[in-house]
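Take a look at the letters that make up each chain.
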Amino acid sequence: MMLTRLVIAVLVVVAVAFSGCGDRQESAASPPATVIAPPLPPPGSPITFSTVCAACHGLRGEGNRELRTPSIAGLPAWYVTEQFEKFRSNVRGTNPADPDGQRMHAIARLLDEAQISTLASTVAAMERHPTRNTLGGDGAPGRETFEERCMPCHRYNGGGELAFKAAPLTGLQDWYLVAQLQKFRAGIRGGSLTDEEGTKMHLVASDLSDTEFRDVAAYIAQLAERYRD
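In this text, all values refer to a predicted model and were calculated from it rather than measured experimentally. All residue numbers here refer to positions counted from 1 along the written sequence of the relevant chain. pLDDT decides what is reported in this predicted model: residues at 70 or higher carry local features, side-chain atom pairs at 80 or more are listed and counted, and totals for whole chains, interfaces and linings draw on all residues regardless. The side-chain values count all of the structure's non-hydrogen atoms but skip hydrogen atoms and water molecules.

K.L.:
What is the right way to look at the overall build of the chain in this model?
P.N.:
Counting from the N terminus, the helices are DSSP H or I runs at least four residues long and the strands are E runs at least two residues long. The helix and strand tally for the chain stands at 9 helices and 0 strands. When its helices and strands are written in sequence order, the chain yields α-α-α-α-α-α-α-α-α. Throughout, a residue-residue contact means that at least one pair of heavy atoms, one from each residue, lies within 4.5 Å. A fraction of 70% describes how many contacts in the chain between residues 6 or more apart in sequence connect residues 24 or more apart.

Written out as structure tokens, the structure reads:
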């Protein structure tokens, strides 16, 4: 029954994505692509990373640019759990301009706490895929912006900080980082009054340009190389 409902939810959200809603602020951050319905697990299959997450995020958690899904491998369990809770509680993924978030919102609401805990542990145990500079950003000015805007919460190495519920950044693709910054700037993400971390990110990103976003992402790629595990 759980997987049947999951199938319906995913198909509904994929239909929304086909309707053309979503970020169109910059093609580099949200590359034009056909959103393909992922292969779904047969009824009765267990809810695991391979049956629920891998179709979009990859078997190694590497993400998929065509599907606009981030690399999640190596994200700490506390962060994955926190994001699932935001999706489940309508804090994230309900804006009609965010079809990717809507898809996660629909899936997360069908999972219970034990299932989320299992998925979070699986993701945390995966080997991280370091950020690379694919958008051509300039890390020199990006460093200045990072140290002023990002480092206080995400730390000097971009490794994140539990105390601030700040995500590790050095395992996320540069195009995904730019797309999320654009969403924060527009209030598509972080627009809920109950999303303390998202509201902070909205303020941080509100007066930055797309060029500055790319440059910050380029510097994060440098940090990913410098502090490679």
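K.L.:
Please clarify how the environment of His 105 should be interpreted in this entry.
P.N.:
Structurally, His 105 is set in helix 4 (residues 99–108). Residues His 105 and Lys 86, 19 residues apart in the sequence, show an inter-C-alpha distance of 8.4 Å. His 105 has contacts with Phe 87, Asn 90, Arg 92, Gly 93 and Thr 94, leaving out every residue within four places of it along the chain.

K.L.:
I tried to follow the environment of Lys 200 on my own but got confused; where do I start?
P.N.:
Assignment of secondary structure puts Lys 200 in helix 8 (residues 196–205). Expressed as a C-alpha distance, the spacing of Lys 200 and Phe 184, which sit 16 residues apart in the sequence, is 9.2 Å.

K.L.:
Quick question: what am I supposed to make of the packing of helix 3 (residues 77–88) against helix 5 (residues 113–124) here?
P.N.:
How two helices pack is summed up by the angle between their axes together with the distance between the axes. Every axis in this analysis is a line fitted to C-alpha atoms, fitted for helices over the stretch in contact. Angles between the N-to-C directions lie between 0 and 180 degrees. At a minimum axis separation of 8 Å, helix 3 and helix 5 run at an interaxial angle of 140 degrees. Taken together, helix 3 and helix 5 sit at an angle that is classed as oblique. As for how helix 3 packs across helix 5, the hand of that crossing is right-handed. Only Glu 113, Ile 116, Leu 119, Ala 120, Ser 121, Val 123 and Ala 124 of helix 5 make contact with helix 3, whose side of the interface consists of Ala 77, Val 80, Thr 81, Phe 84 and Arg 88. Each residue receives one of three labels: charged for Asp, Glu, Lys and Arg, nonpolar for Ala, Val, Leu, Ile, Met, Phe, Trp, Tyr, Cys and Pro, and polar for the others, Gly being one of them. Looking at the contact of helix 3 with helix 5 residue by residue, the class counts come to 8 nonpolar, 2 polar and 2 charged. These descriptions rest on fixed angle ranges, namely under 35 degrees for roughly parallel, over 145 for roughly antiparallel, 65 to 115 for roughly perpendicular, and the rest for oblique. Handedness of each helix crossing follows the sense of rotation of the near helix against the far helix: counterclockwise by less than a right angle gives left-handed, clockwise gives right-handed.

K.L.:
I would appreciate a short explanation of empty space enclosed by the protein in the present structure.
P.N.:
Picture a little ball the size of a water molecule; that probe, rolled over the atoms, points out where space is still empty. Using a grid of 1 Å spacing that covers the protein atoms alone, one calls a set of points a cavity when a 1.4 Å probe fits there but cannot get out, and a pocket when the set is open and has protein on both sides within 12 Å along at least five of seven lines; lining residues are those with an atom within 4 Å of a point. Grid points are joined across faces, edges and corners, and a volume is the space filled by probe spheres set on the points. As enumerated under the stated definition, the model contains 1 cavity of 30 Å³ or more in all. Every residue along the wall of the largest cavity is listed here: Thr 145, Cys 150, Leu 181, Met 201, Val 204, Leu 208, Phe 213 and Val 216. Mapped onto the lining of the largest cavity, the elements with two or more residues apiece are helix 6 (139–154), helix 8 and helix 9 (210–226). Residues that form the lining of the largest cavity fall into these classes: 7 nonpolar, 1 polar and no charged.

K.L.:
So what exactly am I meant to see when it comes to the packing of aromatic side chains here?
P.N.:
Working definition: rings of Phe, Tyr and Trp (its six-membered ring) pair if their centres are within 6.5 Å, and the pair is stacked with planes under 30 degrees apart, edge-to-face with planes over 60 apart, and tilted otherwise. Applying the stated criterion across every chain, the model contains 4 aromatic pairs. Pairing Tyr 156 with Tyr 227 gives two aromatic rings, centres 5.5 Å apart and planes at 80 degrees, and the pair type is edge-to-face. Within this pair, whereas Tyr 156 is found in the loop between helix 6 and helix 7 (174–186), its partner Tyr 227 is found in the segment after helix 9, the two being separated by 71 residues in sequence. Relative to Tyr 176, the ring of Trp 175 has its centre 6.3 Å away and its plane inclined at 90 degrees; by these criteria the two rings are edge-to-face. Remark: exposure states derive from per-residue accessible area (1.4 Å probe, protein chains only) relative to the maximum for the residue type, with buried under 20%, exposed over 50%, and partly exposed in between. Accessibility expressed as a relative area gives 5% for Trp 175, which makes it buried. Since its relative accessible area comes to 11%, Tyr 176 is described here as buried.

K.L.:
What is the right way to look at the nonpolar core in this model?
P.N.:
One recurring pattern in soluble globular proteins is that nonpolar side chains are buried together. Residues enter a nonpolar core if they are buried and are Ala, Val, Leu, Ile, Met, Phe, Trp, Tyr or Cys, with the set joined through side-chain atoms within 4.5 Å. Counting residues in hydrophobic clusters, the biggest one holds 21 residues, and the most contacted among them are Phe 49, Leu 75, Val 80, Phe 84, Leu 111, Leu 119 and Val 123. The set of elements that each furnish at least two residues to this core consists of helix 2 (49–57), helix 3, helix 4 and helix 5. Setting aside residues up to four positions removed in sequence, Leu 75 forms contacts with Val 80, Val 123, Ala 124 and Pro 168. Grouped together as the second largest cluster of nonpolar side chains are 19 residues, Cys 150, Leu 169, Ala 217 and Ile 220 included.

K.L.:
Would you mind going over the environment of Glu 147 with me for this structure?
P.N.:
Mapped onto the secondary structure, Glu 147 falls in helix 6. The partly exposed category is assigned to Glu 147, whose relative accessible area is 33%. Sequence separation between Glu 147 and Gly 158 is 11 residues, and the spatial gap between their C-alpha atoms is 10.0 Å. When near neighbours in sequence (up to four residues on either side) are disregarded, Glu 147 contacts Pro 152 and Tyr 219.

K.L.:
It is not clear to me how helix 6 should be interpreted in this structure. Could you clarify?
P.N.:
Count 3.6 residues to each turn of an α-helix, and residues three or four apart come out pointing the same way. Here helix 6 contains 16 residues, and its C-alpha end-to-end distance of 17 Å is more than 12% below the 22 Å for a straight helix at 1.5 Å per residue. The term bend refers to the angle at a residue between two fitted axes, each drawn through seven residues, those ending there and those starting there. Along helix 6, the helix axis deviates most sharply at Glu 147, where the bend reaches about 50 degrees. On its buried side, helix 6 packs onto helix 8 and helix 9. Counted as a polar contact is a pair of N or O atoms within 3.5 Å, where, for protein atoms, one must be capable of donating a hydrogen and the other of accepting one, and residues adjacent in sequence contribute only when both atoms are in side chains. Residue Asp 138 occupies the N-cap position of helix 6, its side-chain oxygen lying 3.0 Å from the main-chain nitrogen of Ala 140. The positive-phi residue at the C-terminal boundary of helix 6 is Arg 155, with phi of around 75 degrees. Helix span is expected to be 1.5 Å times the residue number reduced by one.

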